[in-house]
Amino acid sequence: QTMIWITQGLANFPRVKFRYIVVPEGPLSGEWVPIGFEPEEIKKLIEVGKKDAKKTIGLGEGTMFEHLNTFWQRANEDPYSNETFETYLNQVLYKESS
């Protein structure tokens with residue numbers, strides 16, 4: 001679902017130069033929509049976001065878009081694949097940069 005939102009955002013704002021897509025390295029919460037508003041949960045989500053943003057920025061501008069394009073190419077080549085963007089990133093990106 002998130003992938004659809006990203007591609008819609010890119011398509012709907014063609015004059016905007018999106019430089020980064022920050023993707024969490026792992027699950028944010030056990031809930032589908034992690035909106036508990038409990039102080040400890042919010043603090044945890046902020047820390048995860050900071051870590052993921054720092055890692056993404058460290059990879060360089062546009063890197064996540066390159067990975068997004070590669071993922072979409074792979075998905076189009078094998079439409080029956082169950083691979084998600086998260087599993088793709090865990091395989092090719094996060095293991096390389098850890």
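Each chain has its residues counted from 1, following the order in which its sequence is written. In keeping with the predicted nature of the model, local features appear solely for residues at pLDDT of at least 70, side-chain atom pairs appear and are counted solely at 80 or more, and the whole-chain, interface and lining totals rest on all residues. Processing note: side-chain calculations cover all non-hydrogen atoms of the structure and skip hydrogens and water entirely.

*Asks:* Please give an account of the pattern of salt bridges that cites residues and values.
*Replies:* Salt bridges are defined as contacts in which a side-chain nitrogen from Lys or Arg sits within 4 Å of a carboxyl oxygen from Asp or Glu. Tallied over the full model, the rule gives 5 salt bridges. Note that Glu 61 and Lys 17 form a salt bridge whose closest N and O atoms lie 2.8 Å from each other. Here Glu 61 is found in the loop between α2 (39–59) and α3 (63–77), whereas its partner Lys 17 is found in the loop between α1 (2–12) and α2, with 44 residues between them in sequence. Between Glu 47 and Lys 50 there is a salt bridge, with the nearest N and O atoms lying 3.6 Å from each other. Strands here mean DSSP runs of E at least two residues long; helices mean DSSP runs of H or I at least four residues long; both are numbered from the N terminus.

*Asks:* An account of a nonpolar patch on the surface is requested, with residue identities and associated values reported.
*Replies:* Patches here are clusters of residues that have more than 30% relative accessible area and form no salt bridge, with a 9 Å joining cutoff for like charges and a 5 Å cutoff for nonpolar side chains (Val, Leu, Ile, Met, Phe, Trp, Tyr). Computed by Shrake-Rupley with a 1.4 Å probe, the accessible areas treat only the displayed protein chains as cover when residues are assessed. On the surface, Leu 10, Phe 13, Val 16 and Phe 18 cluster together to form a nonpolar patch covering roughly 340 Å² of accessible area. For Phe 18, the location among the structural elements is in the loop between α1 and α2. Each residue is assigned to one of three classes by its accessible area relative to the maximum for its type, calculated with a 1.4 Å probe on protein chains only: buried under 20%, partly exposed between the two thresholds, exposed over 50%. We classify Phe 18 as partly exposed; its relative accessible area is 36%.

*Asks:* How would you explain the environment of Val 92 if you had to name every residue and give the values?
*Replies:* Note on placement: Val 92 falls in helix α4 (residues 85–97). Spatially, the C-alpha atoms of Val 92 and His 67 are 8.9 Å apart, while their sequence positions differ by 25 residues.

*Asks:* Describe α3, and please don't skip the residues or the numbers.
*Replies:* The span expected for a helix works out to 1.5 Å for each residue beyond the first. The terminal C-alpha atoms of α3, which comprises 15 residues, lie 21 Å apart, in line with the 21 Å expected from a rise of 1.5 Å per residue. Along α3, the residues that are buried comprise Thr 63, Met 64, Phe 65, His 67, Leu 68 and Phe 71.

*Asks:* Outline α2, supporting the account with residue identities and numerical values.
*Replies:* The first and last C-alpha atoms of α2 sit 30 Å apart over 21 residues, in line with the 30 Å expected at 1.5 Å per residue. Downstream of α2 by one or two residues, Gly 60 has phi in the positive range, about 110°.

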